[in-house]
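A structural walkthrough
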Amino acid sequence: DAATGKPHRVLRLHEYDVWNMAFSPQPPKPPSTPQNLPPTPVLLLASGSTDHAVRVWEWASGECVAVLQQHRDAVQSIAFSPDGTVLASASADRTVRLWQTGDWEAEPVVLRGHDSWVTGLSFSPDGRLLASCSDDCTVRLWSMEDGSALRSRLQLAVYCVAFSPASSDLVAAGGSNGLVVLWRICEARAPHVSLTHLIGHRDAVQCLAFAPAGDLLASGSWDSTVKLWHTPSRALLRSVALVGGQPPVQSLTFFPNGCQVACCPHDNTVQVWTLCPWSDRTHRLFAPAFKSTVFLLMCINARLSHLGCVNMSSSSPQYASMSSSSSSSSS
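Residues numbered from 1 in each chain as written. Predicted model: local features only at pLDDT ≥ 70, side-chain atom pairs only at ≥ 80, totals over all residues. Heavy atoms only, no water.

**Side note on the confidence of the model for the chain**
- Summing up the model confidence of the chain, the mean pLDDT is 79 and the portion of residues at 70 or higher is 73%.
- Ranking the helices and strands of the chain by mean pLDDT puts strand 6 (residues 86–91) first, with 96, and strand 24 (residues 282–284) last, with 52.
- Every residue in residues 285–290 is under pLDDT 50, and counting partners more than four places away or in other chains gives 23 contacts.
- Note that pLDDT drops below 50 for residues 310–331; the model gives that stretch 50 contacts with residues more than four away or on any other chain. (pLDDT = per-residue confidence, 0-100. Helix = DSSP H or I, 4+ residues; strand = E, 2+ residues; numbered from the N terminus. Contact = heavy atoms within 4.5 Å.)

Now the structure itself:
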């Protein structure tokens, strides 16, 4: 539960490690209409594991509605299409499989072409393209109409890929040399136009996430930092070091409001940062009972400082990240 930091439910069915998860698009609220209409879509959660399986759960009930077992190696990444009709899964068996969410028994479409582990997936916001990245130093853009692919070769093993939610032609990728690469796709079959390399990480980039508006890009790395980039200017806005030692960042995501970032380091915790819109500070908060009040006061202070009304020193308090503890402390 994002509001309390407590587990909502625990799902246990995979035999080995779970490496990735994805929610289906949020189903629309049922309208006030007569009965006998088609059932309202349900919210699904899919998980992929080193046991070679993808499991699909109905979130409201916690029921496992499908076990998809055609991959021959660990499932590295999964993603739902924007309309929720397709679930894509990528595996160390070098394939991407497309499953129809309306019929889990249907034979999946298999996309072949990578020469090594397929490590990441991302759908374009219009659903026309699927990006996959691999240890073979390529990102492939698959047409969802005919399954054809455009290959972009990079000079690094690629561990993550993400489409901007605000643009179906802006793609980001990160990998082994610490670079984040941005490029723009003119057409599905045309060569890509490389934009720039975002330089700042000192080790491999493991995960990427765009803010809902597409103006921010977060990158997580084995160097134990999360960096926030301004996509229009390609500028590095801030770099946040993880709390609690030097764990590598495994995954991250923006909250739907675009004001908070959650990341999972390799230390069995979830850490949440709240971004202040009026300063370059990143407030690390937990103890939900105090979070909204403390953040409001911090933002007011930052706003007054921006207007020249308050002197904000570098010793202003920042708060420890969200963890299993229910108490708060300052750094």
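**Looking at the pattern of salt bridges**
- Enumeration over the complete set of coordinates arrives at two salt bridges.
- Among the ionic pairs, Arg128 bridges to Asp126, the shortest N-O distance being 3.9 Å.
- The exposure class assigned to Arg128 is partly exposed, which follows from its relative accessible area of 45%.
- By relative accessible area, Asp126 is classed as partly exposed at 40%.
- In this structure, Arg184 engages Asp169 in a salt bridge whose closest nitrogen and oxygen atoms are separated by 2.8 Å. Remark: Asp169 occurs in the loop between strand 13 (158–163) and strand 14 (170–175) and Arg184 occurs in strand 15 (residues 180–184); sequence separation between them is 15 residues.
- A residue is classified by how much of its surface remains accessible, and Arg184, at 31% relative accessible area, is partly exposed. (Salt bridge = Lys/Arg side-chain N within 4 Å of Asp/Glu carboxyl O. Buried < 20%, exposed > 50% of the residue type's maximum accessible area, 1.4 Å probe, protein only.)

**Some remarks on the environment of Ala92**
- Note on placement: Ala92 falls in the loop between strand 6 and strand 7 (95–100).
- Judged by relative accessible area, which is 8%, Ala92 ranks as buried.
- It is 9.6 Å that separates the C-alpha atoms of Ala92 and Ser77, two residues lying 15 residues apart in sequence.

**Let's talk about the side chain of Ser89**
- By the element assignment, Ser89 lies in strand 6.
- Side chain to side chain, Ser89 and Trp99 meet in a polar contact 2.9 Å long.
- Beyond its immediate chain neighbours, meaning those up to four positions away, Ser89 contacts Val54, His71, Val75, Ser77, Ile78, Thr95, Val96, Arg97, Trp99 and Leu121. (Polar contact = N/O pair within 3.5 Å; in protein donor to acceptor, adjacent residues only side chain to side chain.)

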